[in-house]
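Here are the chains, one letter per residue:
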Amino acid sequence: MIRYTLVCDAAHEFDSWFSTSASFEEQAKRGLVACPVCGSTRVERAIMAPNVARTDLGPRRPQPLPVPAAPAAVSAPAPAAPPSPTALIGEKEAALRAMIAELHRQVRENAEHVGERFAEEALKIHHGETPERAIYGQASMDDAQMLQEEGVAFMPLPRLPGSAH
């Protein structure tokens with residue numbers, strides 16, 4: 001799986017996972033990748049660099065896309081833009097979405113939500129400091145790397161389609 005940071009034409013930034021680079025290109029071309037903030041399907045990959053920590057610069061975010069300037073004077077109203085095409089999902093995509101939704105339901109029903117304390121709780125369980133139990137929550141990429149280096153077994157949960165979480 002590949003995690004991309006994406007940005008829409010309104011400069012909203014969000015992350016999404018794809019099985020391959022070609023998968024992203026195919027889904028974006030078909031209008032299946034949409035901004036969770038505004039719903040725009042005009043989405044591109046944000047400029048990404050390897051995750052190399054630099055303490056002298058502090059955290060940095062990709063720059064938003066430039067917004068085109070409005071014309072200085074308009075003599076006649078512009079014709080209305082044609083409605084944007086609505087992407088229809090096929091049977092495979094619908095089945096995948098249903099499986100992801102079912103996975104989320106199973107996790108919610110059978111595991112404890114620990115939120116942003118996921119890495120901390122997973123380490124406590126791994127080291128025997130707290131009872132073993134199923135948990136879920138959020139972890140930063142740095143936390144995930146640390147858990148992997150510690151030998152903690154965990155798995156990223158794919159996002160629900162159309163959800164920011």
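This is a predicted model, so every value here is computed, not measured.

Regarding the overall build of the protein chain
1) Next: Each helix and strand counted, the protein chain has four helices and five strands in total.
2) Next: Reading the protein chain from its N terminus to its C terminus gives the helix and strand order β-β-α-β-α-β-α-β-α.
3) Next: Burial analysis of the protein chain (165 residues in total) assigns 20% to the buried set.
4) Next: The contacts of the protein chain with a sequence gap of at least 6 include a subset with a gap of at least 24, amounting to 50%.
5) Next: By element, 56% of the accessible surface of the protein chain is carried by carbon and sulfur atoms, the whole surface being about 12500 Å².

Topic: the sheet that holds strand β1 (residues 2-8)
1) Next: Taking strand neighbours across the sheet as the criterion, the three strands line up as β2-β1-β3 in an open arrangement whose pairing is antiparallel. The open sheet is flanked by β2 (13-18) and β3 (43-45), the only strands paired with a single partner. Pairwise comparison of adjacent strand axes, ignoring direction, gives a mean angle of 40° for this sheet.
2) Next: Here β1 runs beside β2; their pairing, made up of six bridges, is antiparallel. Its bridge partner being in β2, Ile 2 is matched across the sheet by Phe 18.
3) Next: Across the face of the sheet, helix α1 (residues 21-29) comes into contact with β1, β2 and β3 while running at roughly 165° to β3.

Some remarks on the pattern of salt bridges
1) Next: Evaluated as defined, the whole model comprises 12 salt bridges.
2) Next: For Arg 133, the salt bridge goes to Glu 112, with nearest N and O atoms at 2.6 Å. Here Arg 133 is found in the loop between α3 (118-126) and β5 (135-137), whereas its partner Glu 112 is found in strand β4 (residues 112-115), with 21 residues between them in sequence.
3) Next: Through salt bridges that share partners, Glu 112, Arg 117, Glu 120, Glu 121, Lys 124 and Arg 133 make up one connected network.

Some points on the environment of Ala 10
1) Next: Tracing the sequence through the fold places Ala 10 in the loop between β1 and β2.
2) Next: Accessibility expressed as a relative area gives 42% for Ala 10, which makes it partly exposed.
3) Next: Along the primary structure Ala 10 and Val 37 are separated by 27 residues, whereas in three dimensions their C-alpha atoms are 9.5 Å apart.

Concerning the confidence of the model for the protein chain
1) Next: In the predicted model, the protein chain carries a mean pLDDT of 79, and 72% of its residues have values of at least 70.
2) Next: Averaged pLDDT values for the elements of the protein chain fall to 85 in helix α2 (residues 91-110) and rise to 92 in α3.

Remarks on the packing of aromatic side chains
1) Next: This structure, assessed with the given rule, holds three aromatic pairs.
2) Next: Look at Tyr 4 and Phe 18: their rings are 6.0 Å apart centre to centre, the planes differ by 40°, and that puts the pair in the tilted class. Of this pair, Tyr 4 sits in strand β1 while Phe 18 sits in strand β2, and the two are 14 residues apart along the sequence. The two residues Tyr 4 and Phe 18 agree in class, both being buried.

Describing the pairing of β4
1) Next: With three bridges connecting them, β4 and β5 associate as parallel partners. Opposite Glu 112, over in β5, you have Ile 135 as the bridge partner.
2) Next: Between the parallel pair β4 and β5, the chain is carried across by α3, and the sense of this crossover is right-handed.

Structural notes on unusual backbone geometry
1) Next: The backbone phi angle of Ala 11 is positive, close to 70°, even though this residue is not glycine.
2) Next: Note on placement: Ala 11 falls in the loop between β1 and β2.
3) Next: Residue Ala 11 is classed as partly exposed on the basis of its relative accessible area, which comes to 27%.

Rules behind the numbers
Residue indices begin from 1 for each chain and proceed along its sequence in written order. For this predicted model, a pLDDT threshold of at least 70 governs which residues receive local features, and a threshold of 80 or more governs which side-chain atom pairs are given and counted, while totals over whole chains, interfaces and linings are taken from all residues. Derived side-chain values reflect all non-hydrogen atoms in the structure, with water molecules and hydrogen atoms excluded from consideration. For helices the rule is a DSSP run of H or I covering at least 4 residues; for strands it is a run of E covering at least 2, with both sets numbered from the N terminus onward. Only protein chains enter the area calculation, which uses a 1.4 Å probe; residues under 20% of their type maximum are buried, those over 50% are exposed, and those in between are partly exposed. Note on contacts: a residue pair is in contact if any heavy atoms of the two residues lie within 4.5 Å. Reported accessibility uses the Shrake-Rupley method at a 1.4 Å probe radius. Residues are deemed covered only where the shown protein chains occlude them. At least two bridges found by DSSP between two strands is the condition for calling them paired. For helices, the fitted line uses only the C-alpha atoms of the stretch in contact; every axis is such a line through C-alpha atoms, and the angle between N-to-C directions lies from 0 to 180 degrees. Only one rule defines a salt bridge in this text: a Lys or Arg side-chain nitrogen within 4 Å of an Asp or Glu carboxyl oxygen. A score from 0 to 100, pLDDT tells how confident the predictor is in each residue. Pairing of aromatic rings covers Phe, Tyr and the six-membered ring of Trp, with a centre-to-centre limit of 6.5 Å; geometry is then stacked below 30 degrees between planes, edge-to-face above 60, and tilted otherwise. We call a crossover right-handed when, viewed with the strands running away from us, the connection from the first strand over the helix to the second turns clockwise.

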